[in-house]
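Below are the chains, spelled out letter by letter.
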Amino acid sequence: MNIKKFRENTAGTKNVIHFNNAGASLMPKVVSESVITYLREESLYGGYETADKNRESIEQTYSVIGRFINAQPDEIALLENATAAWNLALFSIDFKDGDRILTSKSEYASNYLSYLRLQEKVDIKIEVVPNDEHGQTSVTSLEKMMDRNVKLISITHIPTNSGLVNPIEKIGDVAQKYDCFYLVDACQSVGQYPVDVQKVGCDMLSATGRKYLRGPRGTGFLYIKRDQIENLLPPFIDLHAAEWTSEKEYEIRNDARRFENWEMNYAGIIGLKKAVQYASDIGINRIWKRVTKLAEKLRWELAKLSAITVHDIGEIKGGIVTFTVDSVSAQEVKNYLSKNRINVSTSSKSSTLLDMKDRNLSELVRASVHYYNTENEIDQFIDALKNMANQ
Ligand SMILES: Cc1ncc(COP(=O)(O)O)c(C=O)c1O
């Protein structure tokens, strides 16, 4: 990998050591420039007119994303973030009283909140699959929990608060065997892990643009498997998702775009397309290899520091590295590092309540690396933490 070139193509690497890629990655210049150029064109020639002129380029976004996750263009809906995508998928399932949802210990707060919200409308059961000895969703336990009332298996692939990579392909085998819906929250994984929806065997998958894909903020997408599109009715529709044909009738689109709205952030979409193209050109397998190597080094170096405890779980670990520092709060660590131009984030108990409670954790520092980070940056990061301890 030509890391030097990738860093030259990423203006932000000159300013900061950016270990907050699970928050929002630094965009490559080609991404940020494409957004700025598009916005400038809108301001000079008009928003609708610019969209008309760029229609072909906008349209390509569907096939570029499709190729990246091994889906067809008509299986992709463009949305403003992963939460919108995920919720549209959840609320499009026709749940009945008594239906069961099986989910993971590391479920993200927003997802779990939506199960609770759904439960206020329909008498569904929310059940959490136990973890195996590595801390990942136990496929054996999942299989034991399956019966005809399981309407949905809903799994977070890479959670927000640990290195964990859940075994979504093996979980997909179970979902297919029992013929239930399978929804994957791939918000933290698309862009770092080689997500292939055919291998995962999911019906729906949500992702965001700004994290490991290195796209602009306010972008995301939803994948819906071709065979399921007809079975999934969005909770609300507009004149882009459907056509109003008579006083009592409408015709809904028969592609994933039935989940979209007419109004869209086209500048962001163009940026997202560029970001996915950029990642595709590098190759997702190479990205994954580099990310895991850097994260492994970071965990190794952190573990050598006596005041630090690394809290990552899972048999396979990705680019998110979480830890605590004795007697220093996560926020204080973040602030100290920020003064030294190092970006990290913190993870609170309530963002992954079940998992944090289980592991008796209240907050974590989260350092998330990407392929454009360097070994040298990791060394500087460790030095900064040592200096903090000596103060
Ligand atoms: C696992 C997981 N799912 C979903 C989300 C929500 O994504 P977005 O902010 O793009 O809606 C996040 C955000 O951090 C996340 O970590």
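What counts and how
- Residues numbered from 1 in each chain as written.
- Predicted model: local features only at pLDDT ≥ 70, side-chain atom pairs only at ≥ 80, totals over all residues.
- Heavy atoms only, no water.
- Domains from an automatic or database assignment.
- Contact = heavy atoms within 4.5 Å.
- Salt bridge = Lys/Arg side-chain N within 4 Å of Asp/Glu carboxyl O.
- Core = buried A, V, L, I, M, F, W, Y, C linked by side-chain atoms within 4.5 Å.
- Buried < 20%, exposed > 50% of the residue type's maximum accessible area, 1.4 Å probe, protein only.
- Helix = DSSP H or I, 4+ residues; strand = E, 2+ residues; numbered from the N terminus.
- Near = heavy atom within 4 Å.
- Areas by Shrake-Rupley, 256 points an atom, 1.4 Å probe, with all protein chains shown as cover.
- Nonpolar A, V, L, I, M, F, W, Y, C, P; charged D, E, K, R; others polar.
- Phe/Tyr/Trp six-rings, centres within 6.5 Å; stacked < 30°, edge-to-face > 60°.
- Lys NZ or Arg CZ within 6 Å of the ring centre and 35° of its normal.

Digging into the domain arrangement of the protein chain
Here comes step 1: According to the domain assignment, the protein chain consists of domain 1 (3-26 + 284-390) and domain 2 (29-281).
Here comes step 2: Here domain 1 and domain 2 have C-alpha centroids that lie 26 Å from each other.
Here comes step 3: Each side of the interface is counted separately: domain 1 has 43 residues, and domain 2 has 32 residues.
Here comes step 4: There are one salt bridge connecting domain 1 and domain 2.
Here comes step 5: Salt-bridge contacts for Lys 105 lead to Asp 358; the nearest nitrogen and oxygen are separated by 3.2 Å.

Looking at the nonpolar core
Here comes step 1: By size, the foremost hydrophobic cluster in this structure holds 65 residues, and its most contacted members are Ile 153 and Tyr 182.
Here comes step 2: For this core, the leading source of residues is helix H10 (residues 266-282), giving nine residues.
Here comes step 3: No fewer than three residues from each of domain 1 (3-26 + 284-390) and domain 2 (29-281) sit in this core.
Here comes step 4: Filtering out sequence-adjacent residues up to four positions away, Tyr 182 remains in contact with Leu 152, Ile 153, Ile 155, Ile 168, Ile 171, Gly 172, Ala 175, Val 200, Gly 201, Cys 202, Asp 203 and Met 204.

Considering the site of the ligand
Here comes step 1: Around the ligand, a shell composed of 13 residues is seen, among which Thr 83, Asp 185, Thr 208, Arg 210 and Lys 211 lie nearest.
Here comes step 2: Protein coverage of the free-state accessible area of the ligand, which is 390 Å², stands at 91%.
Here comes step 3: When grouped by side-chain class, the residues that make up the shell around the ligand number four nonpolar, six polar and three charged.

With respect to the packing of aromatic side chains
Here comes step 1: Evaluated as defined, the whole model comprises nine aromatic pairs.
Here comes step 2: Note on Phe 19 and Phe 381: the rings are 5.1 Å apart at their centroids and 55° apart in plane angle, and the pair reads as tilted. With a gap of 362 residues between them, Phe 19 in the loop between strand E1 (17-18) and helix H2 (29-45) and Phe 381 in helix H14 (residues 375-390) connect regions that are remote in the sequence.
Here comes step 3: Overall, Phe 19 belongs to the buried group, its relative accessible area being 0%.
Here comes step 4: One aromatic cluster is present, formed by Phe 6, Tyr 278, Tyr 371 and Tyr 372 through successive ring pairs.
Here comes step 5: Its guanidinium or amino end placed over the ring of Tyr 62, Arg 257 lies 3.6 Å from that ring's centre, counting from NZ or CZ.

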